[in-house]
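Here's the letter readout for the chains.
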Amino acid sequence: MSPISDELIVALDVDHADRALQIVDALGDDIGFYKVGMQLYFAEGNAFIRALQARKKKIFLDLKINDIPETVAKAVGSVVTLGVQYLTLFTQAPQIMAARETVKQRGSGLRLLNVTVLTSETSTFETVKARAALSLAAGADGLICSGHETAGLRAAFGTDCILVNPGIRPATADKNDQVRIVTPAQAISAGATNLVVGRPITAASDPASVARAILAEIETAHRAGR
Ligand code: C5P
């Protein structure tokens, strides 16, 4: 099992490497896993990925890839070369199968996560469950899903799959534009593997203390569940 600190992934939703690395350096050794999304990746590219890796950080590359299966497979091949840990797809079964085949052929440890439904949208659990079922059957290692669906997905698909929850808000935090939010403790108790937290940490006046409070909440939730 990964250390508890890996369960909290901080989203670097900024458009400059300088600002992103300021956040990373402010968080120091407390945070070992970062999400790099389209905004930062398209601005700073692989040089930024290497800067994070030079700091021994794990990386979740959130590019929500979709295209025809062959193109997806080739794009995943390029990501394999980067040596990141998680990659998002936002796609259908044939593309996931093609991506899985690339990862297998290359002997890579890259984990493929398919997005079920964006957390800014409303949806039924049945829709999410159907997306989850097709994703896992096609070879995804896990899913991006709301904390509200996590317990149901854990019950349906067992302990092996990775379930990553965005839309996490400590009880006291601003909701921003998140619609389907849960607290860190609720997400962990429901069976989330990793929590993605952005603005509550990155926009805080003391990001490290917010991050440490969330890590403490994660640890307490694990203890309560034992
Ligand atoms: O809201 P927060 O800043 O914590 O967002 C962290 C990540 O959650 C974002 O990078 C985005 O991928 C995801 N997000 C989401 N739905 C929203 C807003 C953000 O899934 N409405």
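Reading the values: the criteria
- All chains use their own residue numbering, which begins from 1 and follows the written sequence.
- For a predicted model such as this one, the threshold for reporting local features is a pLDDT of at least 70, and the threshold for listing and counting side-chain atom pairs is 80 or more; totals across whole chains, interfaces and linings nevertheless cover every residue.
- Note: side-chain values were computed over all heavy atoms of the structure, leaving out hydrogens and water.
- Put simply, DSSP H or I for four residues or longer makes a helix, DSSP E for two residues or longer makes a strand, and each gets a number counted from the N terminus.
- Atoms counted for the radius of gyration: C-alpha only. Globule rule: 2.2 Å times residue count to the power 0.38.
- A 1.4 Å probe and the Shrake-Rupley method give the accessible areas. Residues count as covered only by the protein chains that appear here.
- When charges are counted, neither His nor the chain ends are considered; positive counts come from Lys and Arg and negative counts from Asp and Glu.
- Where a charge sits is defined by one atom per residue type, namely NZ (Lys), CZ (Arg), CG (Asp) or CD (Glu).
- Residues are classed as near a molecule or strand on a simple rule: at least one heavy atom within 4 Å of it.
- Polar contacts here mean pairs of N or O atoms no more than 3.5 Å apart (in protein, one a potential hydrogen donor and the other a potential acceptor; neighbouring residues in sequence count only if both atoms are side-chain atoms).
- All residues other than Ala, Val, Leu, Ile, Met, Phe, Trp, Tyr, Cys, Pro, Asp, Glu, Lys and Arg, Gly among them, are scored as polar; the first ten of these are nonpolar and the last four charged.
- Only when DSSP finds a minimum of two bridges between them are two strands counted as paired.
- For helices, the fitted line uses only the C-alpha atoms of the stretch in contact; every axis is such a line through C-alpha atoms, and the angle between N-to-C directions lies from 0 to 180 degrees.
- Accessible area is worked out with a 1.4 Å probe on protein chains only. A residue is then buried under 20% of its type maximum, exposed over 50%, and partly exposed in between.
- We call a crossover right-handed when, viewed with the strands running away from us, the connection from the first strand over the helix to the second turns clockwise.
- Here a salt bridge means any side-chain nitrogen of Lys or Arg lying within 4 Å of a carboxyl oxygen belonging to Asp or Glu.

Peer 1: Now, about the overall build of the protein chain: what can you tell me, with residues and values included?
Peer 2: If you tally the helices and strands in the protein chain, you get nine helices and eight strands. Relative to the globule expectation of 17 Å for 226 residues, the C-alpha radius of gyration of the protein chain, 17 Å, shows essentially globular dimensions. Along the three orthogonal principal directions, the C-alpha set of the protein chain runs to about 45 × 40 × 30 Å. Total accessible area on the protein chain stands at roughly 10200 Å², and carbon and sulfur atoms take up 52% of it. Measuring between centres, the 23 positive side-chain charges of the protein chain sit 4 Å from its 23 negative side-chain charges.

Peer 1: So what's going on with the site of the ligand? Residues and values would help.
Peer 2: The environment of the ligand is made up of 15 residues, and the closest members are Asp-13, Lys-35, Thr-119, Arg-169 and Arg-199. Contacts to the ligand include Arg-199, whose side-chain N or O atom sits 2.6 Å from an oxygen atom. Burial of the ligand by the protein amounts to 86% of the accessible area it has alone, namely 450 Å². Each residue belonging to the shell around the ligand can be placed in one class, and the counts come to five nonpolar, four polar and six charged.

Peer 1: Tell me what's going on with the sheet that holds strand E5 (residues 111-115), and back it up with residues and numbers.
Peer 2: What the eight strands build is a closed barrel, ordered E1-E2-E3-E4-E5-E6-E7-E8; its pairing is parallel. Taking the axes of each pair of neighbouring strands and ignoring which way they run, one obtains an average angle of 25 degrees across the sheet. Direction of pairing for strand E2 (residues 33-37) relative to strand E3 (residues 58-65): parallel, over a ladder of five bridges. By the bridge assignment, Phe-33 is partnered in E3 with Lys-58.

Peer 1: Describe the pairing of strand E1 (residues 8-11), with residues and values.
Peer 2: Burial along E1 is two-sided: Leu-8 and Val-10 facing one way and Ile-9 and Ala-11 facing the other are all buried. Pairing between E1 and strand E8 (residues 194-197): three bridges, direction parallel. The partner of Ile-9 across the bridge, within E8, is Val-196. The sheet contact formed by E1 and E2 spans two bridges and is parallel. The residue of E2 that forms the bridge with Val-10 is Tyr-34. Between the parallel elements E1 and E2, the chain passes through helix H1 (residues 17-27) in a crossover that is right-handed.

Peer 1: Any chance you could break down the pattern of salt bridges for me, citing the residues and the numbers?
Peer 2: Evaluation of the coordinates by the stated rule reveals eight salt bridges. Between Arg-55 and Asp-25 there is a salt bridge; the shortest N-O distance is 3.0 Å. Residue Arg-55 is located in the loop between helix H2 (38-54) and E3, and its partner Asp-25 is located in helix H1; the two are separated by 30 residues in the primary sequence. Residue Arg-55 is classed as partly exposed on the basis of its relative accessible area, which comes to 33%. Given the relative accessible area of 46%, Asp-25 is considered partly exposed. For Arg-223, the salt bridge is made with Glu-219, and the minimal N-O distance between the two is 3.9 Å. Residue Arg-223 and its partner Glu-219 are both found in helix H9 (residues 207-225); the two are separated by four residues, about one turn of the helix. For Glu-219, a relative accessible area of 38% corresponds to the partly exposed category. One network of salt bridges, in which partners are shared, links Lys-35, Asp-62 and Lys-64.

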